Amino acid sequence: MGTPHNSAEPGEIARTVLMPGDPFRAEFIAKNWLTDVKLVNIYAFTGRYHDTEVTVMASGMGMPSIGIYSYELFAQYNVDEIIRIGTAGSYCDRLKLYDVVLAEGCWSESSYAATQNGDASDTKYPDQQLNQIILDAGNLANIQIKPAKIHSSDVFYRQPEMESFRDFYEKHGCECVEMESFALFHNAQVLGKRAACLLTISDSFVTGEKTSAEERRSAFGSMMEAALKAAEILGKRQAAMK
């Protein structure tokens, strides 16, 4: 089958996809947590987590990139749900370095939805049942997960005279920022699929703390384990329905 952006064959992509932005993080997860791993596309790996088939596929950075990959996965590869696993910058004291955050909604100034299908709403939401499964997975793995409203931004480098993180926190209630979830949630809504976003705080706008590029790839084990456990729960439920 294939698409202009994905050379995987039918059946090579699992029904549940974990989607980090960084391709090296996708490879790291595949090598360290999955068995029977097969490279099915550039930086897309399908394997097994315990007895559950799962695909880990990098989205690249930003909404245009995840918009392409997630749309094709949902529309052409019969994927049921995508869990984004990424990094975020904290806008508040509550979210500290290495905290694991579950998006309960994302606000954005992006034009992605309006351009894609005329949807002018500026807030998108994950699938609530999928979010609950992720929270359940965190509890089973003794991983604390903090639900929060997030800012999904098109811009990484913002000029000093523009609105600051304090404005986004005070005006919109956004507690952290990333760059992909708004497009992912929109595509899931359009196509009748499910999506969620699990993040690790990699830096803080409040304290100025930052993690290194290597830590962003490999040191966020709690987030990865929670996402994989959620995929396992989903796999067991799918098997029980057959």
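See the structure shown above.
In this text, all values refer to a predicted model and were calculated from it rather than measured experimentally.

**Q** Explain the packing of helix H2 (residues 63-76) against helix H6 (residues 181-191) to me, using residue names and the numbers behind them.
**A** Orientation of H2 relative to H6, taken along the N-to-C sense of each, is 25°, at an axis distance of 8 Å. Here H2 is positioned roughly parallel relative to H6, judged by the angle of their axes. Once H2 is placed against H6, the crossing between them reads as right-handed. Residues Met 63, Ile 66, Gly 67, Ser 70, Tyr 71, Phe 74 and Ala 75 of H2 form the contact with H6, whose own contacting residues are Phe 182, Ala 183, Leu 184, Asn 187, Ala 188 and Leu 191. Class assignment for the residues of the contact of H2 with H6 results in ten nonpolar, three polar and no charged.

**Q** Break down the environment of Tyr 69 for me, citing the residues and quoting the values.
**A** Here Tyr 69 is to be found in helix H2. Accessibility expressed as a relative area gives 24% for Tyr 69, which makes it partly exposed. The spacing of Tyr 69 and Leu 184 is 115 residues in sequence and 9.3 Å in space, taken between C-alpha atoms.

**Q** Tell me what's going on with the packing of aromatic side chains, and back it up with residues and numbers.
**A** Applying the stated criterion to the full structure yields nine aromatic pairs. Centre to centre, the rings of Tyr 91 and Phe 168 are 6.1 Å apart; their planes meet at 20°, and the pair counts as stacked. Taken together, the residues Tyr 91 in the loop between strand E5 (81-90) and strand E6 (100-107) and Phe 168 in helix H5 (residues 165-172) connect sequence positions 77 residues apart. Across this residue pair, the class does not change: Tyr 91 and Phe 168 are buried. Taken together, a centroid distance of 5.6 Å and an interplanar angle of 35° make the contact between Phe 165 and Phe 205 tilted. Placement of the pair is Phe 165 in helix H5 and Phe 205 in the loop between strand E10 (194-204) and helix H7 (213-218), with a sequence separation of 40 residues. Phe 165 sits in the buried class, given a relative accessible area of 12%. On the accessibility criterion, Phe 205 (40% relative accessible area) is partly exposed. Feature note: the residues Tyr 91, Trp 107, Phe 165, Phe 168 and Phe 205 constitute an aromatic cluster, connected by ring pairs.

**Q** Outline the nonpolar core, listing residues and values.
**A** Side chains that are nonpolar tend, in soluble globular proteins, to be buried together. Ranked by internal contacts, the top residues of the largest apolar core, which has 35 residues, are Ile 13, Val 17, Leu 73, Val 79, Ile 82 and Cys 176. Those elements that provide at least two residues to this core are strand E1 (16-19), H2, E5, E6, helix H3 (112-117), strand E8 (145-152), H6 and E10. Element by element, the count of residues in this core is highest for H6, at five residues. Each residue touching Val 79, except ones within four places of it in the same chain, is listed here: Ile 13, Ala 14, Arg 15, Val 17, Leu 73, Phe 74 and Lys 193. Listed in part, the 32 residues of the second largest apolar core include Leu 18, Leu 34, Ile 85 and Met 224.

**Q** Which residues make up the environment of Lys 146, and what values do they have?
**A** Note that Lys 146 resides in strand E8. Judged by its relative accessible area of 16%, Lys 146 falls in the buried class. The spacing of Lys 146 and Val 101 is 45 residues in sequence and 4.7 Å in space, taken between C-alpha atoms. A distance of 2.8 Å separates polar atoms of two side chains, one belonging to Lys 146 and the other to Asp 99.

**Q** An account of unusual backbone geometry is requested, with residue identities and associated values reported.
**A** We note that Tyr 98 has phi near 80°; this positive angle belongs to a residue other than glycine. If you trace the backbone, Tyr 98 turns up in the loop between E5 and E6. Unusually for a residue other than glycine, Asn 142 sits at a positive phi of about 55°. Along the chain, the position of Asn 142 falls in the loop between helix H4 (128-140) and E8. Its relative accessible area of 74% is what places Asn 142 among the exposed residues.

Conventions adopted
Residues numbered from 1 in each chain as written. Predicted model: local features only at pLDDT ≥ 70, side-chain atom pairs only at ≥ 80, totals over all residues. Heavy atoms only, no water. Axes fitted to C-alpha atoms, helices over the stretch in contact; angles between N-to-C directions. Helix = DSSP H or I, 4+ residues; strand = E, 2+ residues; numbered from the N terminus. Parallel < 35°, antiparallel > 145°, perpendicular 65-115°, else oblique. Left-handed = near helix turned anticlockwise from the far one by under 90°. Contact = heavy atoms within 4.5 Å. Nonpolar A, V, L, I, M, F, W, Y, C, P; charged D, E, K, R; others polar. Buried < 20%, exposed > 50% of the residue type's maximum accessible area, 1.4 Å probe, protein only. Phe/Tyr/Trp six-rings, centres within 6.5 Å; stacked < 30°, edge-to-face > 60°. Core = buried A, V, L, I, M, F, W, Y, C linked by side-chain atoms within 4.5 Å. Polar contact = N/O pair within 3.5 Å; in protein donor to acceptor, adjacent residues only side chain to side chain.

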